[in-house]
Amino acid sequence: KQAVVDARGAAAVAAAMGGHAADVELQRVGCGAQQNMALGSDACKQAVVDARGAAAVAAAMGGHAADVELQRVGCGAQQNMALGSDACKQAVVDA
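Reading the values: the criteria
Residues numbered from 1 in each chain as written. Predicted model: local features only at pLDDT ≥ 70, side-chain atom pairs only at ≥ 80, totals over all residues. Heavy atoms only, no water. Helix = DSSP H or I, 4+ residues; strand = E, 2+ residues; numbered from the N terminus. Rg over C-alpha atoms; globule rule 2.2 N^0.38 Å. Buried < 20%, exposed > 50% of the residue type's maximum accessible area, 1.4 Å probe, protein only. Contact = heavy atoms within 4.5 Å. Areas by Shrake-Rupley, 256 points an atom, 1.4 Å probe, with all protein chains shown as cover. Lys, Arg positive; Asp, Glu negative; His and termini not counted. Charge placed at Lys NZ, Arg CZ, Asp CG, Glu CD.

Take the overall build of the chain next. Along the backbone of the chain there are seven helices and zero strands. In sequence order, the chain lays out its α and β elements as α-α-α-α-α-α-α. Relative to its length of 95 residues, the chain is compact, with a C-alpha radius of gyration of 12 Å against a globular reference of 12 Å. The principal-axis extent of the C-alpha atoms belonging to the chain is close to 30 × 25 × 20 Å. In the chain, which comprises 95 residues, the proportion classed as buried is 43%. Long-range contacts, defined here as pairs at least 24 residues apart, represent 64% of the contacts in the chain between residues at least 6 apart. Approximately 4800 Å² of the chain is accessible, and the part contributed by carbon and sulfur atoms is 59%. The averaged location of the 9 negative side-chain charges in the chain is 2 Å from the averaged location of its 7 positive side-chain charges.

This is the structure:
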């Protein structure tokens, strides 16, 4: 996880999600990737938040509210980010 985060993987995923908002499969996979990266260390959680991962996940969830699988992985991603620092928690709330 750390190697992917160090390679700016969270930012790349957030950019792909932002660029293809209508593609529900990409949004599902993107939420899953953010979820997995945010499951790592506090530094990983912070990197996902810094890459606007919480906002990308919230946008995906809002844009595809009827997709149960996307909602499931989106909730998991937000949960993992919220397990980080107070700043991470706030980013999830603000998203």
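Glancing now at unusual backbone geometry. Of note in the backbone geometry, Arg8 takes a positive phi value of approximately 65° without being a glycine. Structurally, Arg8 is set in the loop between helix H1 (2-6) and helix H2 (9-19). With phi around 65°, Arg52 is a residue other than glycine that occupies positive phi space. Mapped onto the elements, Arg52 comes out in the loop between helix H4 (42-50) and helix H5 (53-63).

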